[in-house]
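The chain contents come next:
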Amino acid sequence: MKFKLWTGLCLLISQLMTLSLDAQPKQNPKEAFQQLRSAEHAAVLLGHHPDLLPIKNLENRSIVAVHLEENQSGLFDSIANLYAPVASLSAKPYQDSADLYNLEDDLQPYNTVIVTLTADGLSDYRNQLYLQDISKRKAMIVVILGAVRHPLSIHLSQLKCPVLYMPTHTSVTASVAAQIVFGGIAVNGKLKKPLGPDMPAGKGNTTSAIRLKYTYPEELGISSESLHQIDQLAAEAIAKRATPGMVVLAARKGKVFFHKAYGFHTYYKKVPEQLNDIFDMASVTKITATTPVVMHLVEKGKLKLDSTIGHYIARARKTGMKDIHLREVMLHQAGFVPFINFPKMITDQDYRRDSSAAFPTKVADHYFIRKNFFKDFMWPTMLHSPIVTRGKYVYSDISMYVMQAVIESITDTTLDVYANNHFYRPLGMHSTGYLPYYKFDDNRIVPTEDDQTFRKTLLVGYVHDEGAALKGGVAGHAGLFACATDLAAYYQMLLNKGYYGGQRYFQPQTVTTFTKNESKVSRRGYGFDRVDPDKSKEYPSKLASQHTFGHTGYTGTCVWVDEDRDLVYIFLSNRVNPTRSTEIYKLKTRSKIQDILNKAIDDAGHKATTKIKTKPKSKPHSQHRNPK
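Here we summarise the structure given alongside this text.

Rules used in this analysis
Residues numbered from 1 in each chain as written. Predicted model: local features only at pLDDT ≥ 70, side-chain atom pairs only at ≥ 80, totals over all residues. Heavy atoms only, no water. Axes fitted to C-alpha atoms, helices over the stretch in contact; angles between N-to-C directions. Helix = DSSP H or I, 4+ residues; strand = E, 2+ residues; numbered from the N terminus. Parallel < 35°, antiparallel > 145°, perpendicular 65-115°, else oblique. Left-handed = near helix turned anticlockwise from the far one by under 90°. Contact = heavy atoms within 4.5 Å. Nonpolar A, V, L, I, M, F, W, Y, C, P; charged D, E, K, R; others polar. Phe/Tyr/Trp six-rings, centres within 6.5 Å; stacked < 30°, edge-to-face > 60°. Buried < 20%, exposed > 50% of the residue type's maximum accessible area, 1.4 Å probe, protein only. Lys NZ or Arg CZ within 6 Å of the ring centre and 35° of its normal. Expected span 1.5 Å × (residues − 1). Arc of directions from axis to C-beta. Polar contact = N/O pair within 3.5 Å; in protein donor to acceptor, adjacent residues only side chain to side chain.

Let's shift gears to the packing of helix 2 (residues 29-42) against helix 8 (residues 171-181). Describing two packed helices takes the angle between their axes plus the distance from one axis to the other. Where helix 2 contacts helix 8, the axes come no closer than 9 Å and their chain directions differ by 55°. Accordingly, the angle class assigned to the pair helix 2 and helix 8 is oblique. Crossing hand, helix 2 versus helix 8: right-handed. Residues Gln-35, Leu-36, Ala-39 and Glu-40 of helix 2 form the contact with helix 8, whose participating residues are Val-172, Thr-173 and Val-176. Its residues placed into classes, the contact of helix 2 with helix 8 shows four nonpolar, two polar and one charged.

Right, here's the structure in full:
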């Protein structure tokens with residue numbers, strides 16, 4: 001198992017791949033953090049290529065890691081794939097030239113190449129020629145893992161690329177190197193001794209952190225022990241069959257300090273939960289797909305919240321929706337009915353168990369709905385549904401069906417394509433999107449309900465929401481699938497007021513406008529849910545600050561961003577498996593975990609404040625550079 005490579009990395013390792021909670025390695029977290037910090041401080045960047053390291057513009061890059069030596073390559077690749085899709089190729093060192101020529105031909109599909117090797121490997125003349133040849137045709141980054149004990153004969157100017165030098169060669173340095181390459185960790189080390197002709201002592205360039213870092217709680221002043229209660233809450237939820245498994249992630253100040261997977265995909269316990277598993281987001285789709293596209297179009301001046309539905313949707317002009325403003329739609333104050341039970345309206349003439357030209361829309365395995373079912377039946381039913389509570393807060397999925405139609409009328413493309421092109425690909429969210437059964441292995445997709453009333457099958461990769469399924473799987477209110485690390489990047493971007501990975505996605509004011517409370521009759525923002533001002537409701541949790549925004553999902557998911565604590569909290573589960581259990585609500589698992597994180601952050605802040613106040617004034621304290 002790759003897991004064996006990771007002994008000694010504790011929570012950092014568990015962020016990548018864990019078979020179960022009990023399988024995590026045992027090591028003092030403080031010692032592990034010091035190893036990580038030592039590897040960071042020892043890293044040196046040679047060659048000045050700020051446009052290439054850290055890697056930016058992920059939407060324009062096809063990346064491959066070439067390992068000329070195998071040691072720690074698996075860990076490097078695992079960390080790299082937290083940031084972007086990175087392919088992997090390897091060749092044993094000191095083979096004949098033909099092997100390297102073959103390896104060079106294999107690079108054809110990629111425009112960006114990361115090469116890892118040891119100092120001995122870099123001293124080999126054949127490897128030098130190989131690197132020089134690649135650098136002429138591809139964007140290249142070289143990572144040297146391990147100490148250079150004898151001066152190198154190669155000139156960096158010959159490679160014309162950044163060279164990252166990691167003086168030690170361990171699992172820790174491999175993970176740090178991958179994070180530096182993608183901007184999770186800043187580098188500012190200097191060479192302590194000369195390494196070669198144009199690598200004198202004192203040389204070393206600096207970079208800034210531009211993406212999430214994967215680290216230990218101790219870096220943020222949080223004790224790992226203070227988070228053990230999360231393990232207990234997870235075990236309780238699984239034991240009481242609230243959900244068969246879950247993934248929990250927390251990031252503060254741009255640093256992921258907690259990421260664990262618990263339980264299994266189902267109660268049959270055949271597939272253990274993994275950290276990169278893909279979950280059905282349910283209503284978290286609203287703020288991770290539809291709302292950001294609305295924000296983008298508002299910024300571009302292509303959509304106005306004060307315009308009406310009828311302005312954008314011609315078919316609405318003869319319905320009660322005609323004069324409803326989009327602002328009301330985004331706040332759930334448009335007066336739409338809460339729910340329309342479309343599965344109850346399906347007749348035997350509307351579906352088949354095999355596909356055909358007349359029944360092309362796949363709703364699940366062996367379930368195909370007739371052509372234009374949404375256009376000819378579902379959409380008119382929604383458009384002509386009664387408007388009875390306009391001006392009041394009534395949560396309705398129809399709101400995001402409407403916003404999807406508005407978006408697609410403006411952009412002339414589908415919601416899934418637009419969101420992928422403008423957000424998911426640039427952010428490195430390569431496990432996020434609609435219709436995952438076409439893209440990923442079933443073992444990565446967490447099953448939802450064993451639906452025996454409508455689709456007569458266990459749903460794996462098919463959206464749980466019936467309306468979204470009947471629409472073909474791509475809907476404004478549901479249908480998105482994602483993993484925790486992808487969501488962390490997106491919500492960190494919002495916490496950063498629209499900036500992430502060296503790119504600006506939104507102006508700060510746009511993020512503020514959409515995420516703050518904009519309703520006079522509810523706690524809601526535009527698309528986003530928010531903390532309830534009534535403290536007795538403890539929503540989303542008892543200790544959540546008043547500047548908390550996010551959303552929950554029917555399948556057992558939630559994402560909350562606490563601006564006061566600089567916190568991104570993600571909880572993913574499949575509480576509807578095998579059937580729709582409400583136990584997770586009764587146990588308050590999601591909110592209790594959130595409060596454990598909140599309290600740990602608050603306690604760390606209190607300790608830091610106390611330490612500063614009690615420190616003798618005669619002793620000046622050092623200033624540490626914030627990598628963010």
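Moving on, we come to the packing of aromatic side chains. The relative placement of two aromatic rings is captured by the distance of their centres and the angle of their planes. Within this structure, the stated rule accounts for 16 aromatic pairs. With a centroid separation of 6.0 Å and an interplanar angle of 20°, the aromatic rings of Phe-374 and Tyr-401 are classed as stacked. One end of the pair, Phe-374, is in helix 13 (residues 373-383); the other, Tyr-401, is in helix 14 (residues 398-411), with 27 residues separating them in the sequence. The class for Phe-374 is buried, based on a relative accessible area of 16%. Pairing Tyr-437 with Tyr-438 gives two aromatic rings, centres 4.3 Å apart and planes at 50°, and the pair type is tilted. For Tyr-437, a relative accessible area of 17% corresponds to the buried category. Through pairs of rings, three or more aromatic residues link up here, namely Tyr-83, Phe-182 and Tyr-214. The ring of Tyr-267 carries the charged tip of Arg-241 above its face, separated from the ring centre by 3.8 Å. Stacked on the ring of Tyr-554, the Lys or Arg Arg-575 has its end atom at 4.4 Å from the ring centre.

In a regular helix each residue adds 1.5 Å, so 14 residues correspond to 20 Å; helix 2 covers 20 Å between its end C-alpha atoms and thus fits that length. Within helix 2, burial applies to Ala-32, Phe-33, Leu-36, Ala-39 and Glu-40. Axial view of helix 2: buried residues confined to an arc of 120°, hence all on one face. Summarising the geometry of helix 2, the exposed residues directed more than 90 degrees from the buried face are Lys-30 and His-41. Its side-chain oxygen placed 2.8 Å from the backbone nitrogen of Lys-30, Asn-28 serves as the N-cap of helix 2.

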